[in-house]
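Listed below are the residues making up each chain.
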Amino acid sequence: MRTNYVLIDYENVQPAAMSVLDAEHFRVQVFVGPGQSKVSFEIASALQRMGPRAEYIRVSAPGKNALDFHIAFHLGQLALREPDAYFHIISRDSGFDPLISHLKTLKVFACRSTDVTEMPIVKAGLSQPVAERAAVVVKNLKQRGAALPRSVATLTNSIGALFQKQLSDDELSRLFGHLQSTGIVSVQGTKVSYSLPG
C-alpha cells in the first residue's frame with residue numbers, strides 16, 4: 001500500500017479528527033511555529049498512538065512564511081527519498097498550490113487539503129462498503145462530462161487512481177461488478193457505456 005505523508009501546518013490548521021490517520025500507511029509530521037507553546041490533548045494523544053509514524057517539527061525562529069518553507073523543504077526531502085509516496089499538505093494557505101502544481105509536473109503525487117477529513121484518501125473512505133465506494137466513483141464520473149473512460153481497462157485504471165491505487169485487485173473487481181449490477185456501467189467486449197443517475 002502506498003505511503004501517505006501528511007504534513008500539517010499547525011499554525012494554520014488544528015485538526016480535530018486526527019484518529020482518521022491512525023493507519024499503517026500514514027506518516028504524520030506536525031509543523032509547529034516558534035510562538036506555539038501548546039498542542040491540544042486530542043492531537044498529542046492521536047500522535048502518541050501512532051508512535052514512530054508521527055512526529056513534531058518545531059520551527060525554531062519566527063519569520064514571514066517560515067513554517068511554509070519548512071514544510072516545502074521536508075516535502076522535497078521526502079519526495080526524493082520516497083518518490084512513490086503520496087504527500088498531503090494540510091493548510092488553508094493557498095500559497096502551497098503553485099508548489100503542488102509543480103510537483104505534479106514532476107510526477108510527484110501531492111495535494112493540499114484544508115483539514116485531514118478533506119484529504120481525498122480519507123474522503124474516498126477506503127473502509128467504506130462497496131455501495132459507498134461506488135457512489136464516490138459515480139460522482140467522479142459525473143464530473144467528467146463527456147470525457148468518460150470508454151474501455152474496461154481505462155475505467156478500471158481510473159477507479160484505481162481515484163482511490164490512490166490502494167484498493168486490492170479483489171476490491172477493484174467487486175467495485176466494478178457492483179457498477180455493472182446496478183446498471184451504471186454496461187460492458188460489451190472491452191468497451192463500456194454508462195447510465196449515470198441524474
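Description of the structure in this document. (Residues numbered from 1 in each chain as written. Predicted model: local features only at pLDDT ≥ 70, side-chain atom pairs only at ≥ 80, totals over all residues. Heavy atoms only, no water.)

Overall, the coordinates contain six salt bridges when judged by the stated rule. With a shortest N-O distance of 3.9 Å, arginine 49 and aspartate 22 are connected by a salt bridge. Here arginine 49, found in helix α1 (residues 41-50), pairs with aspartate 22, found in the loop between β1 (4-9) and β2 (26-32); they are 27 residues apart in sequence, far enough to count as distant. Between glutamate 171 and arginine 133 there is a salt bridge; the shortest N-O distance is 3.4 Å. Here glutamate 171, found in helix α7 (residues 169-181), pairs with arginine 133, found in helix α5 (residues 130-143); they are 38 residues apart in sequence, far enough to count as distant. On the basis of relative accessibility, which here comes to 6%, the residue arginine 133 falls in the buried class. Look at the salt bridges and you will find they share partners, linking Asp22, Glu24, Arg27, Arg49 and Arg53 into a network. (Salt bridge = Lys/Arg side-chain N within 4 Å of Asp/Glu carboxyl O. Helix = DSSP H or I, 4+ residues; strand = E, 2+ residues; numbered from the N terminus. Buried < 20%, exposed > 50% of the residue type's maximum accessible area, 1.4 Å probe, protein only.)

Let us now look at the sheet that holds strand β3 (residues 54-58). Overall, parallel pairing links the five strands, which are arranged β3-β2-β1-β4-β5 in an open sheet. Every other strand in the sheet has two partners, leaving β3 and β5 (109-113) as the edge strands with one partner each. Between one strand and the next, the sheet's axes are offset by a mean angle of 20 degrees, whatever the strand orientation. Pairing between β2 and β3: five bridges, direction parallel. In the strand pairing of β3, phenylalanine 31 is matched with isoleucine 57. Against the sheet, α1 engages β2 and β3, with an angle of about 125 degrees to β3. Against the sheet, helix α3 (residues 97-105) touches β4 (86-90) and β5, its axis set at about 160 degrees to β5. (Pairing = 2+ DSSP bridges. Axes fitted to C-alpha atoms, helices over the stretch in contact; angles between N-to-C directions. Contact = heavy atoms within 4.5 Å.)

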